[in-house]
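# Examination of the molecular architecture
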Amino acid sequence: MSKLMVSVSGIRGIYGESLTAEIAMKYAAHFGIFSGRGKIVVGRDSRTTGPAMFNAVTSGLMSVGCDVVDIGVVSTPTVLLAVEESDAMGGISITASHNSAEWNAMKFVAENGMFLFPENASALVSSFDNKVDYICWDKIGKLTQDDNAIERHINKIMNISYLNLNEIKAKKFKVVIDSVNGAGGLISPQLLKDLGCEVIEINSEPTGIFAHTPEPLNKNLKQLEEAVKEHKADVGFATDPDVDRLAIVDENGNCIGEEFSLLLSEKFILSKVKGDIVTNLSSSMASEDIAAYFGVKVHRTKVGEINVGKKMMEINSPVGGEGNGGVICPEVHFTRDAPAGMAVILGYLAESGKTVSELADQIPKYYFAKNKIKVDPSLLDAIMQKVPDIFSDYKLDTTDGIKILGDKFWIHIRKSGTEPIIRVYVESETTERSETICKETIEKLVG
Ligand code: MG
């Protein structure tokens, strides 16, 4: 039996086990009260459990007095934008993001169209133990539908100031898009057509029966790689089911890795708008090379897009995001947005006249090694406490776990928020070096 995961980013579980309609209704009711019983935007990805979740969530919200605006099957960034651009007090995106089909979840959105800031999210989480204070029949909320949220999202992307739409359209790029039967099929092909592309769609039907493992990692994108080769396309794009992560396949049919979605976006946007960039502590140090080239700085935050987005807002950053394909273009909003990322990449291709592989080759190459240590929960803190002694010769960053900063390498050691594991991430100039450092670090920690 799986456990319901309750965290600052929302609740997540396997539908019919840890997550039921009853549970969804209760948490939605709590969120409605937390949001002042105002108007709430609700969208969902394409999962088969989406309609049942939607009805439970809506019932919980209306029963505490919230008016609900149903924006249908949409991407998470579409929900975020719909909240930001309306008078709603918040939103709920019903999606388990990159998790497989048996999972579903609720992501809570604040009035400003971003995920809840961590300090507000913990107030919400602590309210979950309260008894729900339902309202009387005559104060029940209303349900309305808004069918234009996707169209408005596309328009906002098409209006990014540094995109030269005529130049992009003139190129008539041939693009293969793999939406993995998630919500992306309803936005990405349309956006690409609006950008003048010849679009080859794979897994566009939003059935929630995912054609492959939905996380857009290289190993899950063989079908896209083949399709790019077969159609001799200029580029292939893949997104996760709620369309906030973007992966890119080059013109030779090779995945270039999710890190490059952010790195290429940084490079293009910085050539247009100067300003410091923001990414999390576990994303590639190639960002520092790109920033140095443009004479700007990189700000590193805790892992989690809300931390990146919040910092970007504070310093008015022109571009940032996370290395897992999470591109943030503030001209659209301060949250990860894969369709916006696609438009930026096409803008870069059009202006540079280069191919995806040529652009990727211009970015310094570093290699990750990622592993985890499974330990008894009672030992987690003791292991973390050993880190400063083991690495006493190095500069340490303790913003989020401990990051060891070496010469052309780093090691990031942090406890998972949801499981009794410690994650060890390493990046250096070669795969061999990263793997050796990762292995030796784990031996030192548990030895
Ligand atoms: Mg996602």
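Not measured: the values here are computed from a predicted model.

On to the coordination of the magnesium ion, then. Ideal donor angles around a metal are set by the shape: a four-donor tetrahedron calls for 109.5 degrees, a six-donor octahedron for 90 or 180 degrees. Around the magnesium ion, the protein contributes the donor atoms S97 (OG), D240 (OD), D242 (OD) and D244 (OD), which lie 2.0 to 2.1 Å from the metal centre. In terms of primary sequence, the donors binding the magnesium ion are separated according to S-x142-D-x1-D-x1-D. For the pair D242 and D244, one class covers both residues: buried.

Next up on the list: the packing of helix α14 (residues 380-390) against helix α15 (residues 431-446). Two numbers describe how α14 lies on α15: the axes approach to 9 Å, and their chain directions differ by 115°. Relative to α15, the crossing made by α14 is right-handed. Where α14 abuts α15, its residues I383, K386, V387 and I390 lie against K444, L445 and V446.

Strand order in the open sheet formed by four strands is β9-β8-β10-β11, and the pairing between neighbours is mixed. The open sheet has two edge strands, β9 (198-202) and β11 (246-249), and neither has a second partner. Averaged over all pairs of adjacent strands, the angle between strand axes in this sheet comes to 20°, irrespective of strand direction. Where helix α12 (residues 338-352) meets the sheet, it contacts β8 (174-178), β10 (235-239) and β11, and its direction lies at approximately 165° from that of β10.

With 14 residues, helix α1 (residues 21-34) should reach 20 Å at 1.5 Å per residue; the first-to-last C-alpha distance of 20 Å fits that figure. G36 occupies a position one or two residues after α1 and carries a positive phi of about 80°.

This brings us to the packing of aromatic side chains. Aromatic rings considered in pairs are described by the distance between their centres and by the relative angle of their planes. Tallied over the entire structure, the rule returns 10 aromatic pairs. Consider the rings of F391 and Y394, whose centres lie 6.3 Å apart with planes at 65°: the pair is edge-to-face. Looking at F391, the relative accessible area reads 5%, which means it is buried. We classify Y394 as partly exposed; its relative accessible area is 37%. The positively charged end of K310 is found above the aromatic ring belonging to F117, 5.2 Å away from the centroid. In this structure, K403 is placed above the aromatic ring of W410, and the distance from its NZ or CZ to the ring centre is 4.4 Å.

Going through the model one piece at a time under the given rule, you end up with 22 salt bridges. For the salt bridge of E85 with K156, the shortest nitrogen-to-oxygen distance reads 3.3 Å. With E85 in the loop between α3 (76-84) and β5 (90-94) and K156 in helix α5 (residues 149-158), the pair connects residues that are 71 residues apart, well separated along the chain. The class of K156 is partly exposed, set by a relative accessible area of 23%. Several salt bridges share partner residues, and in doing so they unite K107, D242, D244, E305, E322 and R336 into one network.

Judged by nonpolar contacts, the single largest core of 79 residues is most densely connected at L192, F237, I248 and L346. Of all the elements, α12 adds the most residues to this core, at 10 residues. With near-sequence residues (within four places) excluded, L192 lies in contact with V175, I177, C197, V199, F237, M342 and L346. In this structure, A28, A29, A56 and V57 belong to the second largest nonpolar core, which totals 29 residues.

The next subject is the domain arrangement of the protein. One can read the domain layout of the protein as domain 1 (5-147), domain 2 (152-361) and domain 3 (367-446). When each unit is reduced to the centre of its C-alpha atoms, the spacing between domain 1 and domain 2 is 27 Å. Taken together, the 31 residues of domain 1 in the interface contact 33 residues of domain 2. Buried surface at the junction of domain 1 and domain 2, summed over both partners, amounts to about 2,400 Å²; 63% is from carbon and sulfur atoms. Interface area lost by domain 1 to domain 2 is led by S46, H98 and M114, which between them contribute 24%. On the surface where domain 1 and domain 2 come into contact, there are five salt bridges. Here R152 and D146 are joined by a salt bridge, their closest N and O atoms 2.9 Å apart. Inspection of the region where domain 1 meets domain 2 yields 11 residue pairs in polar contact (both at pLDDT 80 or more). Counting residues per element, the ones that place at least two in the side of domain 1 that touches domain 2 are α3 and α4 (118-127).

Analysis parameters
- Residues numbered from 1 in each chain as written.
- Predicted model: local features only at pLDDT ≥ 70, side-chain atom pairs only at ≥ 80, totals over all residues.
- Heavy atoms only, no water.
- Donors = N, O, S within 2.8 Å, 3.2 Å for Na, K, Ca; no water.
- Buried < 20%, exposed > 50% of the residue type's maximum accessible area, 1.4 Å probe, protein only.
- Axes fitted to C-alpha atoms, helices over the stretch in contact; angles between N-to-C directions.
- Helix = DSSP H or I, 4+ residues; strand = E, 2+ residues; numbered from the N terminus.
- Left-handed = near helix turned anticlockwise from the far one by under 90°.
- Contact = heavy atoms within 4.5 Å.
- Pairing = 2+ DSSP bridges.
- Expected span 1.5 Å × (residues − 1).
- Phe/Tyr/Trp six-rings, centres within 6.5 Å; stacked < 30°, edge-to-face > 60°.
- Lys NZ or Arg CZ within 6 Å of the ring centre and 35° of its normal.
- Salt bridge = Lys/Arg side-chain N within 4 Å of Asp/Glu carboxyl O.
- Core = buried A, V, L, I, M, F, W, Y, C linked by side-chain atoms within 4.5 Å.
- Domains from an automatic or database assignment.
- Buried area = accessible area lost by both parts, 1.4 Å probe.
- Polar contact = N/O pair within 3.5 Å; in protein donor to acceptor, adjacent residues only side chain to side chain.

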